[in-house]
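One-letter residues, chain by chain:
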Amino acid sequence: GEGRGEEEEEEEAQPSVSENHENATRPTPLAERTFVEQLRTFEYFFIAAVSSIHVLRSNFYLGTVGAMLENLGDAEHMYTTTKAVGYIIPCGFAVIPFIGATVEKFGLVGAVQVVNILGIIYNCLNLIPSLPVQVIGACVYTTYRAYVFSIIATFNAKVFGLHTMGRIQGVMFLLAGIANLSMNPIVAYTQTSLNGNFSWPIVFQLVAVVPLLVLAEVQRARFRSAPNGST
């Protein structure tokens, strides 16, 4: 009787065949995968695409806003708008409290879509040949730029985990840096062949956001369908 009772307790303690099979087939949470495995996921492709396109767009604005304002006649106004924009851009810290609230309210993918929308808005404002409008555009851009880098870091921390975040972000910004190599030829072509008219490069930037809007919704669907913590 006593020996049989011990055998029954051992059988109850051992996982069943179905439980073993379920554990074997359950996807490993993304944050627990190796660095190389994380690089091969759709999630990494998605956020790397977001980073490459938006960092290029952000740097393009910083590198060309002075020329754009001069083309609009800011020199005749003693570069008043250029000075105002120069004061506005460093004030991105003012929107930091809103970034966390955005992630809490809309989720990671929703926050990325906010970045996409802000990028579209400031580009559209850039296409309006008005110096006062460009001051508004600079305010939107400053908000956009703060969101870009904060949301990318938040996504990497929450999705890939703190253990590999540094390497994940390092490779990501390496790719973004390679994408940024295209900026100088674009600016040179604009200045020489388009007579300093930045409208076409801005339109191209608008078009570049469209794939990100689609990829974000694909990522949203993946998050919803995946088991908790895995993709």
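This text gives an overview of the structure that appears in the document. (Residues numbered from 1 in each chain as written. Predicted model: local features only at pLDDT ≥ 70, side-chain atom pairs only at ≥ 80, totals over all residues. Heavy atoms only, no water.)

Here we look at the overall build of the protein
Selection criterion: A run of DSSP states H or I qualifies as a helix once it reaches four residues; a run of E qualifies as a strand once it reaches two. Both are numbered from the N-terminal end. Exposed residues in this analysis have more than 50% of their type's maximum accessible area, buried residues have under 20%, and partly exposed residues fall in between, with area computed by a 1.4 Å probe over protein chains only. Working rule for contacts: check all heavy atoms of both residues, and any pair within 4.5 Å makes them a contact.
Counting its regular elements, the protein contains 10 helices and zero strands. In sequence order, the secondary structure elements of the protein are arranged as α-α-α-α-α-α-α-α-α-α. Taking all 231 residues of the protein together, 39% fall into the buried category. In the protein, 79% of the contacts between residues at least 6 apart in sequence involve partners at least 24 apart.

Concerning the pattern of salt bridges
To keep it simple, the criterion reads: Note on definitions: salt bridges are taken to be side-chain nitrogens of Lys or Arg within 4 Å of carboxyl oxygens of Asp or Glu.
Under the definition given, this model contains two salt bridges. One salt bridge connects Glu43 with Arg222, and the closest N-O pair in it is separated by 2.9 Å. In this pair, Glu43 sits in helix H4 (residues 42-71) while Arg222 sits in helix H10 (residues 199-225), placing the two residues 179 residues apart along the sequence. By relative accessible area, which is 29% here, Arg222 ends up partly exposed. Arg220 is the salt-bridge partner of Glu217, the closest N and O atoms lying 2.9 Å from each other. Taken together, the residues Glu217 and Arg220, both in helix H10 and three residues apart, mark about one turn of the helix.

Section: the packing of helix H6 (residues 96-126) against H10
Where we set the bar: For helices, the fitted line uses only the C-alpha atoms of the stretch in contact; every axis is such a line through C-alpha atoms, and the angle between N-to-C directions lies from 0 to 180 degrees. With respect to orientation, any angle under 35 degrees is reported as roughly parallel, any angle over 145 as roughly antiparallel, any angle of 65 to 115 as roughly perpendicular, and every other angle as oblique. In this scheme the crossing of two helices becomes right-handed for a clockwise turn of the near helix relative to the far one and left-handed for an anticlockwise turn of less than a right angle. Each residue gets one label: Ala, Val, Leu, Ile, Met, Phe, Trp, Tyr, Cys and Pro are nonpolar, Asp, Glu, Lys and Arg are charged, and the others, such as Gly, are polar.
Two elements in contact, H6 and H10, have axes whose closest approach is 10 Å; the angle formed by their N-to-C orientations is 170°. Here H6 is positioned roughly antiparallel relative to H10, judged by the angle of their axes. Regarding H6 and H10, the two cross each other, and that crossing is left-handed. Taken together, the residues of H10 that come into contact with H6 (itself represented by Phe106, Val109, Gly110, Gln113, Asn116, Ile120, Tyr122, Asn123, Cys124 and Asn126) are Ile202, Gln205, Leu206, Val209, Leu212, Leu213, Ala216, Glu217, Gln219, Arg220 and Phe223. Its residues placed into classes, the contact of H6 with H10 shows 12 nonpolar, seven polar and two charged.

As for the side chain of Ser51
Residue position: Ser51 is located in helix H4. Not counting residues within four places of it along the chain, the set of residues in contact with Ser51 comprises Leu56, Ile152, Met172, Phe173 and Ala176.

As for the nonpolar core
Using the following cut-off: Buried residues of nine kinds, namely Ala, Val, Leu, Ile, Met, Phe, Trp, Tyr and Cys, make up a nonpolar core once their side-chain atoms join them within 4.5 Å.
Formed by 49 residues in total, the largest nonpolar core has its most connected members in Tyr61, Ile151 and Phe160. Here this core takes 14 residues from helix H7 (residues 131-160), the largest share from any one element. Apart from the residues lying within four places of it in its own chain, the contact partners of Phe160 are Leu30, Ala31, Gln38, Thr41, Glu43, Tyr44, Ile47, Phe155 and Ile168.

Some thoughts on H7
Note the threshold: For a helix, the expected span equals 1.5 Å multiplied by the residue count minus one.
Look at H7: 43 Å from first C-alpha to last across 30 residues, which is about the 44 Å you get at 1.5 Å a residue. In the stretch just after H7, Gly161 is the one whose phi turns positive, near 90°.

Observations concerning the packing of H4 against H6
The contact between H4 and H6 brings their axes to 12 Å, and the two run at 25°. It follows that H4 is roughly parallel to H6 by the angle criterion. The way H4 lies across H6 gives a crossing that is left-handed. For the pair H4 and H6, the contacting residues are Phe46, Val50, His54, Arg57, Ser58 and Tyr61 in the first and Val112, Val115, Asn116, Gly119, Ile120, Tyr122, Asn123 and Asn126 in the second. The class makeup of the residues in the contact of H4 with H6 is seven nonpolar, six polar and one charged.

Digging into the environment of His163
Along the chain, His163 falls in the loop between H7 and helix H8 (165-180). For His163, a relative accessible area of 70% corresponds to the exposed category. Sequence separation between His163 and Thr34 is 129 residues; the distance between their C-alpha atoms is 9.6 Å.

Some thoughts on the environment of Leu174
Note on placement: Leu174 falls in helix H8. Among the residues examined, Leu174 registers a relative accessible area of 55% and is labelled exposed. Taking the C-alpha atoms as reference points, Leu174 and Ser52, 122 residues apart in sequence, are found 9.0 Å from one another.

Side note on unusual backbone geometry
Despite not being glycine, Tyr79 shows a phi value in the positive range, around 55°. One can find Tyr79 in the loop between H4 and helix H5 (80-88). Positive phi is not limited to glycine here, since Asn195 has a value of about 55°. Relative to the assigned elements, Asn195 resides in the loop between helix H9 (183-193) and H10.

By themselves these figures say nothing about function.
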